[in-house]
Amino acid sequence: MAKPADINPSSPAMEVRTPPKQESPNKLAGPATWVDERIGLAKLLGNIRKVFPDHWSFLLGEIALYSFVILLLTGVFLTIWFKPSMTEVEYTGTYELMRGIPMSEAFASTLNLSFDIRGGLLVRQIHHWAAMLFVAAMTAHMLRVFFTGAFRKPRELNWIIGVGLFSMALVEGFAGYSLPDDLLSGTGLRFVDGLVRSIPLIGTWVEFFAFGGEFPGSLIIPRLYMVHILLIPGLLLGLISAHMALLIYHKHTQWPGPGRTQRNIQGYPFFPIYVAKAGGFFFIVFAVAILMGAFMQINPVWIFGPYNPAQVTAGSQPDWYMGFVEGAIRITPNWEWHLWGTTWSWNIFLPGVGLMGLLFTALAVYPFIEAWITGDTSEHHLLDRPRNAPVRTGLGVAGMAAYGMFWLAGGNDILATQFHVSLNAVTYFMRVAVFVVPVLAFIVTKRICLSLQRSDVERVLHGSETGVIVRSPDGGYSEAHRPISPGEAYSLTRHPQPEALVPNGKQVGRLRGRLSRWYAQGQVPKPTAAQIAAAADHAAVGTEHDAAALDSGDSGETH
Amino acid sequence: MRFLASAGRQSLRRHKAARPVLLALSLFLVGAVYAAVAPATTSSAEGAPNEQLIAQGKDLFAVNCASCHGLNAEGLAQQGAPALTNVGGAAVDFQVRTGRMPMGNPYTQAQGQGQGKQNTFSDDEINALAAYVASLGTGPDVPTEDQYSPDGLSAEDVARGGDLFRTNCSACHNFKGAGGALPNGYVAPSIENTDPAQIWEALRTGPGQMPVFASGAIPDEDVKKMIAYVEQVNATPSAGLTLGGLGPVSEGFWAWVAGIGSLVLAAIWIATRGARA
């Protein structure tokens with residue numbers, strides 16, 4: 001049996017000692033040290049001097065973040081009064097035009113919130129406008145990231161998180177839109193009920209599962225309420241945290257420029273500069289949301305009336321972010337199969353479920369597809385100017401054009417009445433436009449990008465136009481050019497030139513080789529160092545040379 | 001008459017003043033009867049139409065309508081003009097008063113449902129036309145005010161009118177009567193500022209693409225409630241700028257233009273400010 005070892009009574013471990021008293025360097029450090037010793041504040045604030053680059057387009061994501069904060073604040077107020085119940089009640093509130101009308105408790109409490117709760121209508125309108133801004137700012141932010149190539153390695157996962165945030169924001173917005181149980185939102189729910197039922201084979205079962213039986217039932221509003229105030233906000237919060245943590249970990253991308261490399265960041269520290277800037281911007285976003293809520297009416301449910309499955313209204317549309325699905329369904333011809341007593345509603349399933357799936361899948365896989373096409377495996381912390389990636393920019397604009405066409409089709413009745421054209425004409429036009437307009441948009445955008453590249457080369461070689469017309473002694477005229485700064489010349493020429501992969505039968509197959517060639521072709525070659533030197537010599541000779549060349553009609557000289 | 005007899009009939013009858021007095025009395029009697037009867041016959045447009053009014057309407061019809069609808073209102077199929085023998089006076093009153101009829105150019109205007117044209121007929125002329133067409137057969141007559149006037153309804157009645165409106169009208173005319181699109185270039189017009197009599201007439205006669213809502217389906221009492229609802233819902237103050245009142249489409253448009261637009265401007269402003277500690 002083991003025995004404890006004997007202890008030497010003279011060992012220093014036996015002595016009772018008090019830890020030395022720590023002297024704080026100044027009085028203010030006291031509380032900070034107290035917190036640091038308990039939760040590791042110093043480590044937590046290690047990033048406080050983190051440097052962020054400055055550009056307006058980097059603030060688009062912040063608009064979305066601040067709108068989310070506004071949504072949380074106003075949403076808490078709304079939950080105090082809103083009753084997510086489909087129990088039928090008779091309205092007895094102050095709004096006379098609904099008095100005595102049977103309606104769900106959800107709608108009655110929304111009317112109550114709007115007319116009888118002090119500030120309720122204002123908060124409702126701020127909440128709704130902030131929701132519109134939230135999704136719009138996310139979209140704008142996503143487009144910025146796409147067009148500047150900020151999704152490339154190492155940020156592909158953060159891009160996917162962003163796509164997840166975007167898709168969840170759509171569900172969140174739709175759930176919120178449905179809660180008041182007014183005539184428009186009920187029609188929207190009926191629309192989604194149709195989408196669910198159009199899923200082949202399992203559609204009806206999914207519908208019964210979601211609605212607890214036949215549409216509308218009495219469960220969907222309480223369920224959507226849970227989704228709207230608990231499930232999706234929780235997921236959004238988690239994903240936003242991950243999104244921002246990765247942003248700190250990767251560091252922010254920056255525009256190329258003198259002294260800006262893949263390994264550094266030029267800008268200002270988070271504290272105190274961005275604390276002030278971002279804090280100030282939060283108040284601006286909040287102010288805009290409040291001003292919109294105060295002065296612009298949104299979703300006047302008291303005019304729409306309570307939802308009644310027997311009623312419908314002209315001009316039934318979802319909020320803007322669901323408009324593209326609405327449009328796709330409006331313009332799809334009535335393709336339907338009837339097989340063995342079952343109905344296969346391709347006219348709903350393909351444009352509804354299919355298009356949403358296609359959009360989010362295409363967005364999520366794009367970074368990997370582009371990397372596969374270009375064979376680019378390096379890290380990128382410097383942004384692409386959109387013109388220097390003409391195919392990507394073209395694809396992005398083509399996607400926007402397709403989205404825009406579906407979007408417009410979602411308002412085909414409004415277009416017909418506002419512009420005095422036939423509803424059928426709008427619908428037939430859109431059926432063609434959703435395919436043709438993106439192709440045209442791609443071609444036009446790529447040409448514009450290449451022209452801008454040429455103008456960049458021109459600017460590097462010949463300087464900027466001064467607008468000063470010089471007349472030579474011979475009588476010839478020419479415009480004087482001023483050389484650009486070396487910094488600007490660097491910014492215009494630092495981008496890598498894409499090179500097409502050569503098919504080798506192993507990693508690079510024929511398809512990949514062709515796509516790669518398509519991606520790289522047409523790129524305007526950057527001026528070489530020799531060309532820049534020659535152009536500098538040329539400029540040093542001065543304007544007389546230009547004038548002489550013009551005068552003699554010498555076209556062999558490049559200008 | 002006893003005093004006449006006792007005082008001597010003969011003397012009174014033979015009195016010098018007897019003839020002039022009798023003449024004056026009979027003239028007075030004729031005048032009084034005429035005064036009592038004559039106005040009633042001249043204002044018969046509100047009651048049963050008389051022959052004279054119908055004749056005037058027939059003349060107007062021959063000049064303004066017969067080229068398409070035929071001299072006896074039998075209709076001309078190749079002109080696309082329906083027979084008007086059983087449409088009633090309400091249809092004429094609606095079509096002419098709103099400027100839909102007569103059409104300026106049937107070949108172009110038929111697609112646009114003949115809207116936006118100014119009515120150039122006087123009330124009397126419309127009454128005469130309506131009286132003539134009503135005399136040709138059956139059909140709803142021009143309504144009287146007690147059939148359509150929304151006065152004197154309770155708040156509950158008007159709210160009930162809103163429910164009826166959403167059930168029967170809003171599918172085409174929008175939730176507050178702002179109008180909407182129909183297939184093939186037709187539109188359901190805005191009824192936000194439409195005269196109550198015309199709403200009643202449209203329900204009963206079903207002009208253009210609109211179905212007929214007969215009094216068996218929607219009695220006059222319910223029509224009044226719906227008319228009152230449309231009037232009141234459009235008179236209700238809005239919660240800020242209505243942005244066209246077209247629902248989520250215009251809201252989304254303004255969210256991008258006003259909201260994101262102003263915030264991008266603010267972002268540009270913030271980004272151009274450097275660090276001036």
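If you're wondering where the values come from, they're calculated on a predicted model, not measured in any experiment.

A. Focus on the overall build of chain B. Helix and strand counts for chain B stand at 14 helices and two strands. Here chain B holds 277 residues, and 39% of them are scored as buried. By sequence separation, contacts in chain B at least 24 residues apart represent 59% of the contacts at least 6 residues apart. Of the accessible surface of chain B, which amounts to about 15400 Å², a share of 59% is contributed by carbon and sulfur atoms.

B. Examining the interface of chain A and chain B more closely. Facing 62 residues of chain A, the contacting portion of chain B comprises 56 residues. Interface area for chain A against chain B, summed over the two sides, is near 4700 Å², with a carbon-plus-sulfur share of 72%. Taken together, the links from chain A to chain B amount to zero salt bridges. By residue class, the composition of the side of chain A that touches chain B is 41 nonpolar, 15 polar and six charged.

C. Fine view of the domain arrangement of chain B. Per the domain assignment, the segments of chain B are domain 1 (8-41), domain 2 (51-136) and domain 3 (145-235). When each unit is reduced to the centre of its C-alpha atoms, the spacing between domain 1 of chain B and domain 3 of chain B is 58 Å.

D. A look at the side chain of Ser 85 of chain A. All names here are of chain A. Position of Ser 85 relative to the elements: it lies in the loop between α3 (60-81) and β2 (88-90). One polar contact links Ser 85 to Thr 87, side chain to side chain, over a distance of 2.9 Å. In contact with Ser 85, not counting residues within four places along its chain, are Ser 104, Glu 105, Ala 106 and Ile 221.

E. View of the packing of aromatic side chains. Applying the stated rule across the entire model yields 34 aromatic pairs over all chains. Relative to Tyr 321 of chain A, the ring of Trp 320 of chain A lies with its centre 5.8 Å away and its plane at 75°, an arrangement referred to as edge-to-face. Take Trp 320 of chain A: its relative accessible area is 4%, and that puts it in the buried class. Joined through ring pairs, the aromatic side chains of Trp 320, Tyr 321, Phe 324, Tyr 403 and Trp 407 of chain A together with Trp 256 of chain B make up one cluster.

Cut-off values and rules
Residues numbered from 1 in each chain as written. Chains lettered and ligands numbered in written order. Predicted model: local features only at pLDDT ≥ 70, side-chain atom pairs only at ≥ 80, totals over all residues. Heavy atoms only, no water. Helix = DSSP H or I, 4+ residues; strand = E, 2+ residues; numbered from the N terminus. Buried < 20%, exposed > 50% of the residue type's maximum accessible area, 1.4 Å probe, protein only. Contact = heavy atoms within 4.5 Å. Areas by Shrake-Rupley, 256 points an atom, 1.4 Å probe, with all protein chains shown as cover. Buried area = accessible area lost by both parts, 1.4 Å probe. Salt bridge = Lys/Arg side-chain N within 4 Å of Asp/Glu carboxyl O. Nonpolar A, V, L, I, M, F, W, Y, C, P; charged D, E, K, R; others polar. Domains from an automatic or database assignment. Polar contact = N/O pair within 3.5 Å; in protein donor to acceptor, adjacent residues only side chain to side chain. Phe/Tyr/Trp six-rings, centres within 6.5 Å; stacked < 30°, edge-to-face > 60°.

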